[in-house]
Amino acid sequence: MCGIVGYVGNRNSQNILIEGLKKLEYRGYDSAGVAVYTSEGLQVKKSKGRLANLESKLGETPLNGTIGIGHTRWATHGKPSDVNSHPHTDNSLKFSVVHNGIIENYMVLKEELAAQGHVFVSETDTEVISHLIASLYEGDIVKAVQKAVSRMKGAYALGVLTEHEPDKLVAVRLSSPLIIGVGEGENFIGSDIPAILEYTRNVYILNDGEMAVLTRDGVELMTIEGNFISRELFHVDWDIVTAEKAGYDHFMLKEIHEQPKAYRDTMGSRLDPSGKKVVLNEVGMTPQQIKAIRHVHIVACGTAYHAGLVGKSVIEKLARIPVETDVASEYRYRAPIITPETLVIVVSQSGETADTLAALREAKRCGARVLAITNVVGSSVAREADDVITTWAGPEIAVASTKAYTSQLIAFYLLGLYLAQTLGSQDDAYIAEVIAELKELPEKVERILAQSEAIKNVAEQIATHDNLFFIGRGLDYAVALEGSLKLKEISYIHSEAYAAGELKHGTLALIEEGIPVIALATQEDLFEKTVSNIKEVTARGAHVFGIHSEGHYELAKAVDEVFAIPATLPLLTPALSVVPLQLLSYYASLARGNDVDKPRNLAKSVTVE
Ligand code: M6R
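The rules behind each value
- Residues numbered from 1 in each chain as written.
- Predicted model: local features only at pLDDT ≥ 70, side-chain atom pairs only at ≥ 80, totals over all residues.
- Heavy atoms only, no water.
- Pairing = 2+ DSSP bridges.
- Helix = DSSP H or I, 4+ residues; strand = E, 2+ residues; numbered from the N terminus.
- Axes fitted to C-alpha atoms, helices over the stretch in contact; angles between N-to-C directions.
- Contact = heavy atoms within 4.5 Å.
- Near = heavy atom within 4 Å.
- Polar contact = N/O pair within 3.5 Å; in protein donor to acceptor, adjacent residues only side chain to side chain.
- Areas by Shrake-Rupley, 256 points an atom, 1.4 Å probe, with all protein chains shown as cover.
- Buried < 20%, exposed > 50% of the residue type's maximum accessible area, 1.4 Å probe, protein only.
- Salt bridge = Lys/Arg side-chain N within 4 Å of Asp/Glu carboxyl O.
- Expected span 1.5 Å × (residues − 1).
- Core = buried A, V, L, I, M, F, W, Y, C linked by side-chain atoms within 4.5 Å.
- Domains from an automatic or database assignment.
- UniProt positions renumbered as here; feature names shortened; annotations may be inferred.
- 1 Å grid on protein atoms, 1.4 Å probe; cavity = no way out; pocket = protein on both sides within 12 Å on 5 of 7 lines; lining within 4 Å.
- Phe/Tyr/Trp six-rings, centres within 6.5 Å; stacked < 30°, edge-to-face > 60°.
- Lys NZ or Arg CZ within 6 Å of the ring centre and 35° of its normal.
- Parallel < 35°, antiparallel > 145°, perpendicular 65-115°, else oblique.
- Left-handed = near helix turned anticlockwise from the far one by under 90°.
- Nonpolar A, V, L, I, M, F, W, Y, C, P; charged D, E, K, R; others polar.

### Details of the sheet that holds strand β20 (residues 387-390)
Here comes step 1: Overall, parallel pairing links the five strands, which are arranged β17-β16-β18-β19-β20 in an open sheet. Looking at strand neighbours, the two that pair on one side only are β17 (323-327) and β20, the edges of this open sheet. When strand polarity is set aside, the average angle formed by the axes of neighbouring strands in this sheet is 20 degrees.
Here comes step 2: Along the sheet face, helix α10 (residues 302-319) touches β16 (295-300), β17 and β18 (342-348) and points at about 175 degrees away from the line of β17.
Here comes step 3: Against the sheet, helix α14 (residues 403-423) contacts β16, β18, β19 (369-374) and β20, and its axis sits at roughly 155 degrees relative to β18.

Put into C-alpha cells, the structure is as follows:
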C-alpha cells in the first residue's frame, strides 16, 4: 500500500520526507520518490527498490528546499520501476503529484489528454492526474485540483505541488486515508499518522470528499467543491507502534477489518457500470482461446490453495469447465497431464512462493497458458505468467493470510463470470444476479465484523482445548479447511477439517464428550444433510458451534451455539463465512497469549522448496 508524506515549513524538506517515508515502510512498497521545490524549480528524484536506493541518489545531489512531497509506491498500474515511481509530473515539469489509490477512468482521461498533446512516460494512472491538473491550471492551483478531481473516478489520496505557487501544498482525500499534521510554522500531510508523529501530534483527519491547502502559516480545510470546513484538531496520544496498526492491537485484526475495502478495490472497475458483465482487460486470452480450454488446473499453497478449492467450484459452476485444484509442492512431481488446452491458474499472495513458482514454470514448459492471481504487482509469479489478475488487497503484514485470501475469492468470482459470459455458459440474468450479490458483500462483511464480540466469547472457550474439528459440506468444507489452517497457524490448537459426510468413515471415533466442533451449514441444498452430520457428533457429546446463513435459524435447535452470516447466493458464502473463522482464530490466539502476527516456525513469504 502506497505511503504519502508532504511538508511545508522552514526546515530541509528532503530529510523530513525521507524520515516520514521510513515510518511508512511497514505498509510495504517497491519504489520511492520525492519532489522538492528548490532554487532551480521543482525537482524530482525517484528510485525502484528500497528507500536506501533513493537516499543514495539524494546523497549524490541533494534537493534543498522547504516544501516537498514524498511517496512509497506499492505497484498497481505498471511494474515497479524508476519511471513508474511517484511523484509524477506533467510535461512542463511544473506540477508534481503523489497518489494513493486507483483512478478507474484514467484510460479515458489519458486518451483525452494525449489528443491535446500531452506525452506520457509511465504506465501509471497517477501520471494522468499531474497532466490533468496542468491542463486545467489558470493561475489557481486549488481550483485546478478541484476541477481535476471532479473528472476523476476511483479512490485517491493526493498531494499536489506546483512551481507556480511554491508556498502551497494541496491535499485531497476520496476513499483513501490522508491526514494533515499541524506544527509551529510548519505543516505536514501523511497517508498515515506514523509519517508525521515525530514532528507533531496535532492532526486533522480528512474525510472523503475533503481537501486541505497547507502553507507554512496555516491549514485551510474545505470540501472538494470549495466550501470551507471548520474542524477540531485531533491530539494523537498513541505510540508509533500503535499508530502503524491504525489503533488495532495487531496487523491481523487490522487486515481482517480491511476486507470490505479489499473486496471493493478488487471488484473496482472490473464490474461494468451496467451491472451486467465483468471487464477483465488484464486477461489477454481471445474468445477463441477461452473456448479452446478443455480443463483448468488451479495450483497454490496453504491459504491460497484453499482459495483455489473455492475457485474450482466457482469455475465449474459458472463456466462448466472441469477443474482440478492441487497443492503446488505435489503438482509438479506427479507428472500432471498438461496440454496446450489446459489453463493453469496459480494463486499466490506474495507471488514469490517457491513451490508455486516452480509449478508455474512446469506448466509453461508443458505448453499451458498460465494465469496468475496475485497481490503483488511485479512479483516473480506476475512477471512469468501469461495473464495476471491482481488482487487489490494492499500489503498483508500478518503471517496469517486473511484479506489476501478473501480477495482471491473475489478474483475467482470475477474470473468465473468472465469465462461464463465469454462461453455463454450462463444466461445474462444469472450473471447480473451474481454481480448484484457480489456488490453487496463488502457491506455484509461489515455486519459480521460488528459482531466480533460474539465470536470472541466462543474463541475464549475453544482456547482451553487442545483438539477440535471443523466440518462442512461442499463449499462449506473448503472454508472449513481454511478455518482449520488459520486456527492451527496462530493458536497452535490442533484441529482437523472434515467433509461432514465423511466423518462416519473413521474420524467419528475421535469425537468424545465436550470436544468443540465448528460446523458450517451455509449451503442451502446441503443444509439438511449437514444437520444430520451435526447430530452424529452431538450424539457423542461434542459441543457444536454452528454457522448458518440468515433464515436458517432452525440450526439453533441442533447445536449449542450459533452465529448467523448475512444471506447471499450459496456460491458466494465463502466470502462471508470465513470471516467469523478468521476472528475465531485471532481471538483464540490472543487468549493463549501467542504472538498473533508472527506465529512460531512460520514466515510470510516461503521462498524455499
Ligand atoms: O504468498 P502465497 O499466497 O503464495 O503463500 C502461500 C502460503 O504460504 C500462505 O497462504 C500460508 O499458508 C499462510 N500463512 C496462511 O495463512
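### A look at the site of the ligand
Here comes step 1: Neighbouring the ligand are 13 residues; S348, Q349, S350, T353 and E489 lie closest to it.
Here comes step 2: Q349 has a polar backbone atom sitting 2.6 Å from an oxygen atom of the ligand.
Here comes step 3: Here a nitrogen atom of the ligand sits 2.6 Å away from a polar atom, N or O, in the side chain of E489.
Here comes step 4: Here the ligand loses 89% of its free accessible area of 410 Å² to cover by the protein chains.

### Regarding the pairing of strand β1 (residues 3-8)
Here comes step 1: With six of six residues buried, β1 is to be regarded as a mostly interior element.
Here comes step 2: Burial along β1 is two-sided: the residues G3, V5 and Y7 and I4, G6 and V8 are all buried.
Here comes step 3: One ladder, built from four bridges, connects β1 with strand β10 (residues 187-190); its direction is antiparallel. Within β10, the position partnered with V5 by the bridge is G190.

### Quick look at the pattern of salt bridges
Here comes step 1: In the structure shown here, the tally under the stated rule is 32 salt bridges.
Here comes step 2: R50 is the salt-bridge partner of E25, the closest N and O atoms lying 3.6 Å from each other. With E25 in the loop between α1 (13-23) and β2 (31-38) and R50 in the loop between β3 (41-48) and α2 (51-60), this pair connects stretches of sequence that are 25 residues apart.
Here comes step 3: Take E25: its relative accessible area is 29%, and that puts it in the partly exposed class.
Here comes step 4: Given a relative accessible area of 46%, R50 falls into the partly exposed group.
Here comes step 5: Across the pair E384 and R361 runs a salt bridge whose closest N-O atoms are separated by 2.6 Å. Taken together, the residues E384 in helix α13 (residues 380-384) and R361 in helix α12 (residues 354-365) connect sequence positions 23 residues apart.
Here comes step 6: Residue classification places R361 among the partly exposed residues on the basis of a relative accessible area of 43%.
Here comes step 7: Overlapping salt bridges bring together E19, K22 and E55 as one network.

### Focus: α10
Here comes step 1: Its 18 residues place the ends of α10 25 Å apart at the C-alpha level, agreeing with the 26 Å of an ideal helix rising 1.5 Å per residue.
Here comes step 2: Counted residue by residue, α10 has 13 buried out of 18 residues, so it is predominantly covered.
Here comes step 3: Count one or two residues on from α10 and you reach R320, which has phi positive near 60 degrees.

### Quick word on the nonpolar core
Side chains of nonpolar character tend, in soluble globular proteins, to be buried together.
Here comes step 1: Formed by 117 residues in total, the largest nonpolar core has its most connected members in I315, I345, L371, Y413 and L438.
Here comes step 2: Sort the elements by how many residues they give to this core and α14 lands first, with 12 residues.
Here comes step 3: Membership of the second largest hydrophobic core comes to 29 residues, among which are F120, I141, V160 and M211.

### Some points on unusual backbone geometry
Here comes step 1: With an omega of 0 degrees, the peptide bond between H86 and P87 qualifies as cis.
Here comes step 2: Among the structural elements, P87 can be located in the loop between β4 (67-73) and β5 (88-89).
Here comes step 3: We note that R320 has phi near 60 degrees; this positive angle belongs to a residue other than glycine.
Here comes step 4: By the element assignment, R320 lies in the loop between α10 and β17.
Here comes step 5: Even without glycine at this site, A335 takes up a positive phi of about 45 degrees.
Here comes step 6: Mapped onto the fold, A335 is located in the loop between α11 (328-331) and β18.
Here comes step 7: For A335, a relative accessible area of 62% translates into the label exposed.

### Looking at the domain arrangement of the protein chain
Here comes step 1: For the protein chain, the domain assignment lists domain 1 (3-237), domain 2 (251-449) and domain 3 (452-591).
Here comes step 2: For domain 1 and domain 3, the distance between their C-alpha centroids amounts to 47 Å.

### Description of the UniProt feature "active site" (unreviewed entry) in the protein chain
Here comes step 1: Mapped onto this structure's residue numbering, the UniProt feature "active site" (unreviewed entry) falls at C2 and K604. From the list above, the largest cavity is lined by C2.
Here comes step 2: Structurally, C2 is set in the segment before β1.
Here comes step 3: The class of C2 is buried, set by a relative accessible area of 11%.
Here comes step 4: Apart from the residues lying within four places of it in its own chain, the contact partners of C2 are R27, H71, T72, R73, W74, H99, N100 and S191.
Here comes step 5: Summarising the element assignment, K604 is placed in the segment after α20 (574-591).
Here comes step 6: K604 gets classed as partly exposed once you look at its relative accessible area, which sits at 27%.
Here comes step 7: In this structure K604 touches Q349, E396, I397, A398, V399, A400 and S401, once residues within four positions along its chain are discounted.

### A look at the packing of aromatic side chains
Here comes step 1: Applying the stated rule across the entire model yields four aromatic pairs.
Here comes step 2: Seen in terms of ring centroids, Y7 and F188 are 5.3 Å apart; in terms of plane orientation they differ by 55 degrees. Their pairing is tilted. Of this pair, Y7 sits in strand β1 while F188 is found in strand β10, placing the two residues 181 residues apart along the sequence.
Here comes step 3: Taking relative accessible area as the criterion, F188 reaches 0% and is therefore assigned buried.
Here comes step 4: Three or more aromatic residues joined by ring pairs make a cluster, and in this case those are Y7, F188 and Y199.
Here comes step 5: The side chain of R600 reaches across the aromatic face of Y492, ending 3.8 Å from its centre.

### Focus: the packing of helix α3 (residues 106-115) against helix α4 (residues 126-136)
Here comes step 1: α4 packs onto α3 with a crossing angle of 50 degrees between their chain directions and a minimal axis gap of 10 Å. Taken together, the axis directions place α3 and α4 in an arrangement best described as oblique. Viewed along their axes, α3 and α4 form a crossing whose handedness is left-handed. Contacts between α3 and α4 pair Y106, L109, K110 and L113 from the former with V128, H131, L132 and S135 from the latter.
Here comes step 2: In the contact of α3 with α4, the residues fall into five nonpolar, two polar and one charged.

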